[in-house]
Amino acid sequence: MNKKEISEIKKQFTPENCSITRICGCYVDGEKNKKTELKEAFLSLSEEEMFKYFDIFRKSLSGTIGKNLMNMEFPLEQESEGGTQHFLMKLRESKLTDDALVESFYDKIIENYDYPENYYIILIHGVYDIPGKSSDGSEMFDASDEIYEHIMCCICPVKLSKAGLCYNAETNSIQDRIRDWIVELPDVAFLFPQFNDRSTDIHGVLYYSKDANELRDIFIDELLGCNAPLSAGGQRDSFNALVEDTLGEDCSYDTVLNIHEKLNDLIEAQKDEPEPVVLTKSEVKRLFEECGVEDEKLQSFDEQYEITAGEKSSLVASNITNTRRFEIKTPDVVVHVDPERADLVETRVIDGRKCLVIPMEGEVEFNGIRVHTGSEDSSNEEFSEDFSNGSHIKANDKFSDTIEEASDAE
């Protein structure tokens, strides 16, 4: 599913467009005991409850594709009798009216969801009457010829509200507030089946994780039967290791900078597209070639890629680079640079030492105090003396200016 398709389903979670037919819920305590359950028509809920549930459902479709939202396909064996996809199909077809199926679903979650505290499982069934679209892209609600029948599951932490004081209007007094168990926004959720090309796709599921770096691989494998993709952090770490292993001693500042600048250019060129920029193994290799990595270094690229990222894994460009800032880090100093001004940072050897050199333009602040940096024709000796203490300097042109020796010359 892309951004437009996700947004279209997300719009159904409003009072005006609501397509939810039934809701089921199960409250589970920290000992994995079912404490209470809910089974009823969604429209029978009070308006206040409905709005709270809509917030949860919309949050389950929020985030970045490839980061918080993951499109996953079912392996073929899971679509046969006894497979996870086959079970979800039966659950959807039952419209959540088969109590035995719903209980079995709860049991699967409780068995495989590793969470030591209380949580609330929410399961809904919906039927979206997909409107047709005219040639100019406007919706034609009287031209629908397909429905999108789906289920969504959300798993929400339930935590005790904070202690505090409150005003009691009846007694006109300030008193201790009663602490309640609050259902929070979901940690994990999934939508089945996918809504691809504005149509039902029973071969895939859209998975949401609040923590983009913790996708819960075991939970995905056991409940959904899908191969868990690399998390956003896993993709970044794999890419960094791939760059270091491929370039070896030639992993220079300029080459790495060039790689990240090209990644940012790719993202910028496709920022208005509904699909994120995804790089396959061959596309990562081509990126390295365009950045001047020698053929000799690329001879073992395929092997290194499979070791670090996996043979069939792809990398989302926004997960492996930062479009907002570049970070240059030494053991004692961290420099944050606007990607558009990365050319201001240079590496030089000064007095036999390897240094980062950054011109200071405009006003300069030290711990929030505007400081003078000397005349423009100051000598290198004066310049070096001013900053021999390794002070962290912040300029006003959107990046932090820092000059510090990185290491002694060999």
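### With respect to the pattern of salt bridges
Piece 1. A full pass over the atoms with the stated rule returns 13 salt bridges.
Piece 2. A salt bridge links Lys-297 to Asp-250; the shortest N-O distance between them is 3.6 Å. In this pair, Lys-297 is assigned in the loop between α8 (281-290) and α9 (301-308) and Asp-250 in the loop between α6 (232-247) and α7 (253-269), connecting sequence segments 47 residues apart.
Piece 3. A cluster of three or more residues bridged by salt bridges with shared partners is formed by Lys-34, Lys-39, Asp-99, Glu-103 and Asp-107.

### Structural notes on the packing of α7 against α8
Piece 1. Where α7 meets α8, the closest approach of the two axes is 9 Å, and the angle between their N-to-C directions is 125°. Put simply, α7 runs oblique to α8. In this structure, α7 crosses over α8, and the sense of that crossing is right-handed. Within the contact between the two elements, α7 uses Ile-259, Lys-262 and Leu-263 and α8 uses Leu-287, Phe-288 and Glu-290.
Piece 2. For the contact of α7 with α8, the per-class residue count stands at four nonpolar, no polar and two charged.

### Concerning the pairing of strand β19 (residues 346-350)
Piece 1. Pairing between β19 and strand β20 (residues 353-357): five bridges, direction antiparallel. Bridge pairing in β20 links Val-349 to Lys-354.
Piece 2. The turn joining β19 and β20, which pair antiparallel and follow one another in sequence, is formed by two residues; a positive phi near 55° is taken by Asp-351.

### Re a negative patch on the surface
Piece 1. Together, Glu-111, Asp-114, Asp-211, Glu-214, Asp-217, Asp-221 and Glu-222 make up a negatively charged patch on the protein surface.
Piece 2. Per-element accounting of the negative patch gives the leading share, three residues, to helix α5 (residues 217-224).
Piece 3. Inspection of the secondary structure puts Glu-214 in the loop between β14 (204-209) and α5.
Piece 4. Among the residues examined, Glu-214 registers a relative accessible area of 45% and is labelled partly exposed.

Conventions and cut-offs
Residues numbered from 1 in each chain as written. Predicted model: local features only at pLDDT ≥ 70, side-chain atom pairs only at ≥ 80, totals over all residues. Heavy atoms only, no water. Salt bridge = Lys/Arg side-chain N within 4 Å of Asp/Glu carboxyl O. Helix = DSSP H or I, 4+ residues; strand = E, 2+ residues; numbered from the N terminus. Axes fitted to C-alpha atoms, helices over the stretch in contact; angles between N-to-C directions. Parallel < 35°, antiparallel > 145°, perpendicular 65-115°, else oblique. Left-handed = near helix turned anticlockwise from the far one by under 90°. Contact = heavy atoms within 4.5 Å. Nonpolar A, V, L, I, M, F, W, Y, C, P; charged D, E, K, R; others polar. Pairing = 2+ DSSP bridges. Patch = residues over 30% accessible without salt bridge, like charges linked within 9 Å, V, L, I, M, F, W, Y side chains within 5 Å. Areas by Shrake-Rupley, 256 points an atom, 1.4 Å probe, with all protein chains shown as cover. Lys, Arg positive; Asp, Glu negative; His and termini not counted. Charge placed at Lys NZ, Arg CZ, Asp CG, Glu CD. Buried < 20%, exposed > 50% of the residue type's maximum accessible area, 1.4 Å probe, protein only.

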